[in-house]
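Here is what each chain is made of, one letter per residue.
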Amino acid sequence: MTETTKPRTGMVLTVPAPMARLAGAVSRWARGRGVLLAALVLIAASLAWKAAIVSSSYFKEDDFEFVARAMESELSFDYLTRIHFGQFMPGGFLLAWLTARLEPFGWGYAAGGILVLHAFAALAVLRMLRVVFGRRPAILAPLLIFLVAPIAVPALVWWAAALNTVFLQIALPMAIASHWHHLRTGRMRHALAAAFWVLFGLLGFVKGFALPLLLLALTAIYHGGLRTALRRHLPAWAAYVTVVLAFGALYVQRSLSAPNTGGLPIFDQATGFLWELLGKTFATTVLGGPWRWFAGGDWGVASPPLAVVIASLVTLAAVVLVTSHYRRRAGAAWAMLLGYVLVADALPVLWGRVHLLGSFVGTDTRYVADAVPLIALVAGLVLLPVEGEAEPYRRALPARERVSGVLGAALGLFVGASLVSVTLFAGYLGADRRHRYIETARAELARTPPDAVIYDRLVPSEVLPNSYRTYSLTSRVLGAMASPRLRARMQAPPAALDGLVFDERGRLRPVDVQGVPLAPTTKDRCWPVTGGTVQVPLDNRARRVEGTLVRLGYAARTDAEVTLWMGERATDVRLRAGLGQVFLLAVPGADRIVVQDVPTGVCFGDVTPGQAVPRP
């Protein structure tokens, strides 16, 4: 059966009836979901854009420690609840463990997982906007603000920062949407859903403690005032507070066994930090800035000129005044945004970072990246009426064409400014040195037998600073890519006549020791044997993260077995006939190597304690 249509041109088109019905159904479905489809197109386009940017980045700093810990740890309670320099992030550690187990230092898996979660965050923001404002086309504007905001991009290209941020970028809009449903319907299931999202945010970032305060502020502003909000929705607040207190108790309990990195900064540091965070970073990036970044690699550090900062503050003040002039409760919405940034973003950093790193940390955009969903919401609240709101405006608005033109131009300027800022930031990306080092070492380990002896050293500083202590060692960083057996030997290498060590390019090379040699002054250049025992003096005062490697030269007429004593540790070694050397790790504090029952024809010569290096 077919249907015939007569277009205006006079041509007759015959379409099979099933196709006609399908086309009609699709047309009817799309007609009622135009806003949703447009939003999904915007989200998909922004993800493709961000994926191209993220693909140019690579692991750095904390990322290496996260991968190393994931590969050497079971998925245990202790692993998930470890405090990392004040950060409590069980959800982030779970994602890190799963990603590392798929492929250690596989940037495709790491970046792909973050982008998937960022896509969920975008969908969560869309849901929040639809719940609060309805399905009107105007919600596409605040959604676009979230999608192109430069403040969110640097956190995506640093895996460790993203493991914190994406959880909260999902939790914040989802908690608001669920709580808003609870306010409208009174159903407790929506409040319990909001409590779940509060917990979800806390699993990624301790900043999640601020979500109930944000929900309280929204309720007080748009649903009857503070007293009414507290009284009418008491069960919901009890659920939220219970989640925060329970999680807080676990955090405190785990903090007792972790190194204390918290502390209050001095007054000048605190005020300087707030100026850097609120003035230089937040005020500029919320308008599409900062338009200039700190030229120190791929750091998301804002560095706008003072004139740009002042212009941004003046612009923001004008926007606040104009929106408050027309829109009811706009001033309260702006105050809510500022309060969230102060409580959730400024206070934790003031306690945990500023006293260690100084006020400069306020220019790091990752500390306010979690606020982007709230920025999108507030942009809607100061312009659009919430669904069902009576008398949203204080006075009559100017002509619709004028308002649409002004707002359209402002949105276009924001998008253009954001694209400029992100493009400038993307120009700093690139980690060829780190990537080549890791991939070279991966290939070397793949062809290394599991019984090889690989001695430890610090990875190059341009790959990872030595401030990470034991997690800047090759046994930890590169050992993450080794088999479990080889990884264990790398972390506790035995004594050997021949050993290996990684060079600056990630290649395995024969080991040598860089240090000051000490040779005997006897005629035969051998340490004297007294009563069958040789005592080789050892200068072992230096303290190194990787330990002190000792090279002990010897000569043997035939193969022989000896036991080397260093402190209370005994090491059995089989010597090969001829001239040779033994490599072994020094026992901290030991000042000599003792060999008892020295076989006939064995001579021990020069000894060199020092660092493991590739043999020239």
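Here is what the cut-offs are and how they apply
- Residues numbered from 1 in each chain as written.
- Predicted model: local features only at pLDDT ≥ 70, side-chain atom pairs only at ≥ 80, totals over all residues.
- Heavy atoms only, no water.
- Buried < 20%, exposed > 50% of the residue type's maximum accessible area, 1.4 Å probe, protein only.
- Helix = DSSP H or I, 4+ residues; strand = E, 2+ residues; numbered from the N terminus.
- Arc of directions from axis to C-beta.
- Contact = heavy atoms within 4.5 Å.
- Phe/Tyr/Trp six-rings, centres within 6.5 Å; stacked < 30°, edge-to-face > 60°.
- Core = buried A, V, L, I, M, F, W, Y, C linked by side-chain atoms within 4.5 Å.
- Pairing = 2+ DSSP bridges.

**A closer look at helix α22 (residues 484-491)**
For α22, every residue scored as buried is listed here: Leu 486, Arg 487 and Met 490. For α22, the buried positions fall inside an angular range of 105 degrees around the axis, keeping them on one side. Opposite the packed face of α22, turned more than 90 degrees from it, sit the exposed residues Pro 484 and Arg 485. For α22, the elements touching its buried residues are α3 (62-72), α20 (432-446), α21 (474-477) and β5 (500-502).

**A short note on unusual backbone geometry**
For the bond from Gly 289 to Pro 290, the omega torsion is 15 degrees, close enough to zero to count as cis. Residue placement: Pro 290 occurs in the loop between α14 (267-285) and α15 (306-326). At Glu 61, a residue that is not glycine, the phi angle is positive and equals roughly 45 degrees. Relative to the assigned elements, Glu 61 resides in the loop between α2 (34-54) and α3. By relative accessible area, which is 18% here, Glu 61 ends up buried.

**Focus: the packing of aromatic side chains**
Per the stated rule, a full pass over the model turns up 19 aromatic pairs. Centre to centre, the rings of Trp 197 and Phe 200 are 5.4 Å apart; their planes meet at 75 degrees, and the pair counts as edge-to-face. Here Phe 200 and Trp 197 lie together in helix α10 (residues 188-204), a separation of three residues that amounts to about one turn. Through a chain of ring-to-ring contacts, three or more aromatic side chains come together here, namely Tyr 58, Phe 59, Phe 64, Phe 105, Trp 107 and Trp 159.

**Considering the side chain of Thr 571**
Within the secondary structure layout, Thr 571 lies in strand β11 (residues 569-575). In this structure Thr 571 comes out as buried when scored by relative accessible area, which is 14%. Those residues in contact with Thr 571, other than ones at most four positions away along the chain, are Ala 495, Val 562, Thr 563 and Leu 564.

**A closer look at the nonpolar core**
Counting residues in each nonpolar core, the largest one holds 153 residues, and the members touching the most others are Phe 105, Trp 159 and Leu 381. A per-element tally of this core places helix α6 (residues 107-133) first, with 17 residues. Residues contacting Leu 381, with those up to four places away along its chain left out, are Val 132, Phe 133, Leu 218, Tyr 222, Arg 327, Ala 333, Met 336 and Val 386. Judged by nonpolar contacts, the second largest core, of 26 residues, contains Val 534, Ala 560, Val 562 and Leu 575.

**Notes on the pairing of strand β9 (residues 549-556)**
Of all eight residues that make up β9, seven are buried, and the element is covered over most of its length. In this structure, β9 lies alongside strand β12 (residues 578-585), joined through eight bridges in antiparallel fashion. Within β12, the residue paired with Leu 549 across the bridge is Leu 585. Looking at chain direction, β9 and strand β14 (residues 602-614) are connected through seven bridges and run antiparallel. The partner of Leu 552 across the bridge, within β14, is Val 607.

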